[in-house]
Amino acid sequence: EAQVTQNPRYLITVTGKKLTVTCSQNMNHEYMSWYRQDPGLGLRQIYYSMNVEVTDKGDVPEGYKVSRKEKRNFPLILESPSPNQTSLYFCASGSPGQAIYEQYFGPGTRLTVT
Amino acid sequence: QQQVKQSPQSLIVQKGGISIINCAYENTAFDYFPWYQQFPGKGPALLIAIRPDVSEKKEGRFTISFNKSAKQFSLHIMDSQPGDSATYFCAALGTSNYQLIWGAGTKLIIKP
């Protein structure tokens, strides 16, 4: 089954404790992206990657890191999480160019930072 | 910063009625205008998309109407059903950077 998987689905952590949210896709997509979803703000892009070893900042990259060492994986790293990073996070993947309008989303990771 | 403004923020429609969600954009350099549907506890999923050289696209009960001169596009859900209850996002794909600009979302509730 073609899918984007994220782990963990739920995470409660404390301020300053480094964490990683994994994302993996089995569709051989070149494009991958991370979003955060907050009430009233819609989806805001954190980072994206057009291909292996190529990453770029989105609209809200502060406090986040990513890496793209393999085509299928695109982990999101919070080195020192803060309460304002409490949010619902989505990973997405897609084909490059104009086909990026069609993105496939993972199930989401709900992160709470206390 | 480019924006896509979506309205209303929430919408309640009776079963069998027409649901209408509107979006407006500021920049003309967009290639595609997709609509995504998100059910609670799930990630968004592409519902329907339109190119700017087309004024209307219909897929089943879902129709996108596009007004290029007014820089507006809308989603119409005919014969709305309780199963259509979800959050809907409009978006616009930038021509030069191939990045999606998202609307803030509309929570649609269809009352039985």
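Description of the structure in this document. (Residues numbered from 1 in each chain as written. Chains lettered and ligands numbered in written order. Predicted model: local features only at pLDDT ≥ 70, side-chain atom pairs only at ≥ 80, totals over all residues. Heavy atoms only, no water.)

It is worth spelling out the overall build of chain B at this point. For chain B, the count of helices and strands is zero helices and 11 strands. Going residue by residue from the N terminus, the α and β elements of chain B occur as β-β-β-β-β-β-β-β-β-β-β. Relative to its length of 112 residues, chain B is compact, with a C-alpha radius of gyration of 13 Å against a globular reference of 13 Å. Overall, the C-alpha framework of chain B stretches about 45 × 30 × 20 Å when taken along its three principal axes. For chain B, the residues scored as buried account for 46% of the 112 residues in total. A separation threshold of at least 6 residues defines the contact pool for chain B, and within that pool the share at least 24 residues apart is 54%. Taken as a whole, chain B presents about 5400 Å² of accessible surface, with 50% of it coming from carbon and sulfur. Separation of charge centres in chain B, based on 11 positive and 7 negative side chains, amounts to 6 Å. (Helix = DSSP H or I, 4+ residues; strand = E, 2+ residues; numbered from the N terminus. Rg over C-alpha atoms; globule rule 2.2 N^0.38 Å. Buried < 20%, exposed > 50% of the residue type's maximum accessible area, 1.4 Å probe, protein only. Contact = heavy atoms within 4.5 Å. Areas by Shrake-Rupley, 256 points an atom, 1.4 Å probe, with all protein chains shown as cover. Lys, Arg positive; Asp, Glu negative; His and termini not counted. Charge placed at Lys NZ, Arg CZ, Asp CG, Glu CD.)

A few words on unusual backbone geometry. Note the cis peptide between Asn-7 of chain A and Pro-8 of chain A, where omega equals 0 degrees. Note on placement: Pro-8 of chain A falls in the loop between β1 (4-7) and β2 (10-13). The residue after Ser-7 of chain B, namely Pro-8 of chain B, is reached through a cis peptide bond having omega -5 degrees. With respect to the secondary-structure elements, Pro-8 of chain B resides in the loop between β1 (4-7) and β2 (10-14). The phi torsion at Asn-28 of chain A lies on the positive side, around 60 degrees, for a residue other than glycine. With respect to the element layout, Asn-28 of chain A can be found in the loop between β3 (19-25) and β4 (31-38). Relative accessible area serves as the criterion here: at 57%, Asn-28 of chain A is assigned to the exposed category. With a phi angle near 45 degrees, Asp-79 of chain B is a residue other than glycine that sits in the positive phi range. Tracing the backbone shows Asp-79 of chain B in the loop between β8 (72-77) and β9 (86-94).

Residues Ile-18, Ile-20 and Met-78 of chain B make up a contiguous nonpolar surface patch of about 240 Å² in total accessible area. Along the chain, Ile-20 of chain B turns up in strand β3 (residues 19-25). (Patch = residues over 30% accessible without salt bridge, like charges linked within 9 Å, V, L, I, M, F, W, Y side chains within 5 Å. Salt bridge = Lys/Arg side-chain N within 4 Å of Asp/Glu carboxyl O.)

This brings us to the sheet that holds strand β7 (residues 65-66) of chain A. Residue and element names in this part refer to chain A. The sheet built from four strands is open, its strands ordered β1-β3-β8-β7 with antiparallel pairing. Strands with a single pairing partner mark the edges of an open sheet, and in this sheet they are β1 and β7. Pairing of β3 with strand β8 (residues 76-78) involves three bridges; the strand directions are antiparallel. The partner of Thr-20 across the bridge, within β8, is Ile-77. (Pairing = 2+ DSSP bridges.)

All names here are of chain A. Throughout the structure, instances matching the rule amount to eight salt bridges over all chains. In this structure, Arg-36 engages Asp-38 in a salt bridge whose closest nitrogen and oxygen atoms are separated by 2.9 Å. Take Arg-36: its relative accessible area is 8%, and that puts it in the buried class. In this structure Asp-38 comes out as buried when scored by relative accessible area, which is 11%.

Structural measurements only, silent on function.
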